[in-house]
Amino acid sequence: MLIALRDLRHKHANNILWLFTAFVGLTWAMRDGSTSDSIRYMEKVALLHHSSISFLEYYIASGEIDFFSLAITYFVASFTENGYILMVFQGLVYGFFFSRNMTFVLKQLNGNLKFISIIFFLTFFVVVPIWNFNGFRFWTATHVFIYGLLPYFFEGKRKSLIWCFITPFVFHYAFIVPVLILSLLLVLKNRLNLYFGFFVFSLFFAELDLKLFNAYVEQYVPQQFQERSQSYRSEAKFERAQEVREVGDFSVEKSWHAIFYKKALTWSMYAFLLYYFFRRKHLQAKHPRMVYILSFVLLFFAFANILANLPSGSRYLSVVSLFTLAFLTINTQNSIGDRLSKRISWVIAPLLLFFFIVSVRQALYFFSVTTIIGNPFIALFTIGDNINLDSLIK
């Protein structure tokens, strides 16, 4: 894996990265008392293994709209009650799309990598990282959606958008929102000034009225989507989140790095997006497709900033950040920057490295000793008995 990371442009590197993600599932470890989504997934395997329910009955009883996570859980439960086997299969699926997105961006980069391009790519690698298949449905959907976007925006392959449009119905229904944003761009086309104005509005003036939003949803959205989105639109949950924000309790950790590392990423991306907007004429002349991409990024960020007011709505910021970092990595590598862009690069590089370090630190909650120094044969004997590195170090 380390050899593959050294040369991700190699033809076999993407498959090594793919298989390593499945290996992470085989060596998965969690700290005691964890409320990780993966625990809930593994418990379902044990319950289903001892049940005679059909998949159709299971799907209907779940109340879900998307079916892929249910299907893979049902499949694994048909031959084992070991939830860690499910983690392997989830790692295989998640790892496929994750590895293809990483290598796609690298293949777009021309020449020897610039320092800032390396920093952008490292950040791209961890913004929705390998260990995020802990929350399998949403984060797999994220990489599937990006898997469809990248060939369309950077190579003009319209057929790849089919991955985007099936994502809400196959992987996670919440991706109906990114699909609607994408559809809006496809209809309105390249209206950069309009999207930029909306983006600025979302930064300084937008605060979602949750009651009004819920009233709109209940009036116009299909009943099934209303029922599935109810927990995400809960006013009580929103009020609790506001109270947490006011007292400075960030639920997991109160340390300064846990509070500011995502802000460091956001400020860095905004700095470059503002630079590209004010240099849009130059960008249009040299890289016309990049202006279209910038339009989508600004439009998506505007909606994501507003939706971040909803409980769990901040996850859309990670989705748009993943695509934005792909855009910034490719454009900064393949274009000749002026003096201002170089100055911005030197200012934001420490912020991006800070985000990278804190993000990698989170891997210790799920990686075990076997993940680092083991192999698939050894992992078969330690499965389910691994201790996460964070607990081991402490």
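Here is a short report on the structure shown in this document. Quick caveat: nothing in here was measured; it's all calculated off a predicted structure.

Some points on a positive patch on the surface
At step 1: A contiguous patch of positive charge on the surface is contributed by Lys114, Arg339, Lys342 and Arg343.
At step 2: Mapped onto the elements of the fold, Arg343 is located in helix H19 (residues 339–361).

Looking at unusual backbone geometry
At step 1: Unlike most non-glycine residues, Lys189 shows phi in positive territory, near 65°.
At step 2: For Lys189, the position within the fold is in the loop between helix H10 (176–188) and helix H11 (192–204).
At step 3: Accessibility expressed as a relative area gives 42% for Lys189, which makes it partly exposed.

Points about the packing of helix H7 (residues 115–127) against H19
At step 1: The interhelical angle for the contact between H7 and H19, taken along N-to-C directions, is 30°, at an axis separation of 9 Å. By the criterion of interaxial angle, the relationship of H7 to H19 is roughly parallel. At the point where H7 passes H19, the crossing takes the left-handed sense. Along its contact with H7, which presents Phe115, Ile116, Ile119, Phe120, Leu122, Thr123, Val126 and Val127, the element H19 presents Ser345, Trp346, Ile348, Ala349, Leu352, Leu353, Phe355, Phe356, Ser359 and Val360.
At step 2: Residue composition of the contact of H7 with H19, by class: 15 nonpolar, three polar and no charged.

So, the packing of aromatic side chains
At step 1: Applying the stated criterion across every chain yields a total of 54 aromatic pairs.
At step 2: Summarising the aromatic geometry, the rings of Phe68 and Phe171 are spaced 5.0 Å apart at their centres and angled 40° between planes, so their arrangement reads as tilted. Within this pair, whereas Phe68 is found in helix H5 (residues 68–77), its partner Phe171 is found in the loop between helix H9 (162–170) and H10, the two being separated by 103 residues in sequence.
At step 3: The class of Phe68 is partly exposed, set by a relative accessible area of 23%.
At step 4: Ring geometry for Phe145 versus Phe175: centroids 5.7 Å apart, planes at 50°, classification tilted. Placement of the pair is Phe145 in helix H8 (residues 136–155) and Phe175 in the loop between H9 and H10, with a sequence separation of 30 residues.
At step 5: Site record: aromatic cluster; members linked through ring pairs are Trp18, Phe68, Phe96, Phe97, Phe136, Tyr147, Trp163 and Phe171.
At step 6: The ring of Tyr41 carries the charged tip of Arg40 above its face, separated from the ring centre by 5.2 Å.
At step 7: Geometry around Phe138 places Arg315 over its ring, the cationic atom sitting 4.0 Å from the centre.

Digging into the side chain of Asn305
At step 1: Here Asn305 lies in helix H17 (residues 288–307).
At step 2: The class of Asn305 is buried, set by a relative accessible area of 14%.
At step 3: Apart from residues no more than four positions distant in its own chain, Asn305 is found in contact with Phe199, Ser202, Leu203, Tyr270 and Leu317.

Considering the side chain of Asn331
At step 1: With respect to the element layout, Asn331 can be found in helix H18 (residues 315–334).
At step 2: Among the residues examined, Asn331 registers a relative accessible area of 2% and is labelled buried.

Quick notes on the pattern of salt bridges
At step 1: For the coordinates displayed, the defined rule picks out five salt bridges.
At step 2: Asp66 is the salt-bridge partner of Arg137, the closest N and O atoms lying 2.8 Å from each other. Separated by 71 residues along the polypeptide, Arg137 in helix H8 and Asp66 in the loop between helix H4 (55–62) and H5 bring together distant segments of the chain. With respect to burial, Arg137 and Asp66 carry one shared label: buried.
At step 3: Between Asp390 and Arg361 there is a salt bridge, with its nearest N and O atoms 2.7 Å apart. With Asp390 in helix H22 (residues 389–393) and Arg361 in helix H19, this pair connects stretches of sequence that are 29 residues apart.
At step 4: Taking relative accessible area as the criterion, Arg361 reaches 31% and is therefore assigned partly exposed.
At step 5: Within this structure, Glu64, Asp66 and Arg137 form a network of salt bridges that share partners.

How each quantity is defined
- Residues numbered from 1 in each chain as written.
- Predicted model: local features only at pLDDT ≥ 70, side-chain atom pairs only at ≥ 80, totals over all residues.
- Heavy atoms only, no water.
- Patch = residues over 30% accessible without salt bridge, like charges linked within 9 Å, V, L, I, M, F, W, Y side chains within 5 Å.
- Areas by Shrake-Rupley, 256 points an atom, 1.4 Å probe, with all protein chains shown as cover.
- Salt bridge = Lys/Arg side-chain N within 4 Å of Asp/Glu carboxyl O.
- Lys, Arg positive; Asp, Glu negative; His and termini not counted.
- Charge placed at Lys NZ, Arg CZ, Asp CG, Glu CD.
- Helix = DSSP H or I, 4+ residues; strand = E, 2+ residues; numbered from the N terminus.
- Buried < 20%, exposed > 50% of the residue type's maximum accessible area, 1.4 Å probe, protein only.
- Axes fitted to C-alpha atoms, helices over the stretch in contact; angles between N-to-C directions.
- Parallel < 35°, antiparallel > 145°, perpendicular 65-115°, else oblique.
- Left-handed = near helix turned anticlockwise from the far one by under 90°.
- Contact = heavy atoms within 4.5 Å.
- Nonpolar A, V, L, I, M, F, W, Y, C, P; charged D, E, K, R; others polar.
- Phe/Tyr/Trp six-rings, centres within 6.5 Å; stacked < 30°, edge-to-face > 60°.
- Lys NZ or Arg CZ within 6 Å of the ring centre and 35° of its normal.

Take it as geometry only, folks, not as evidence of what the structure does.
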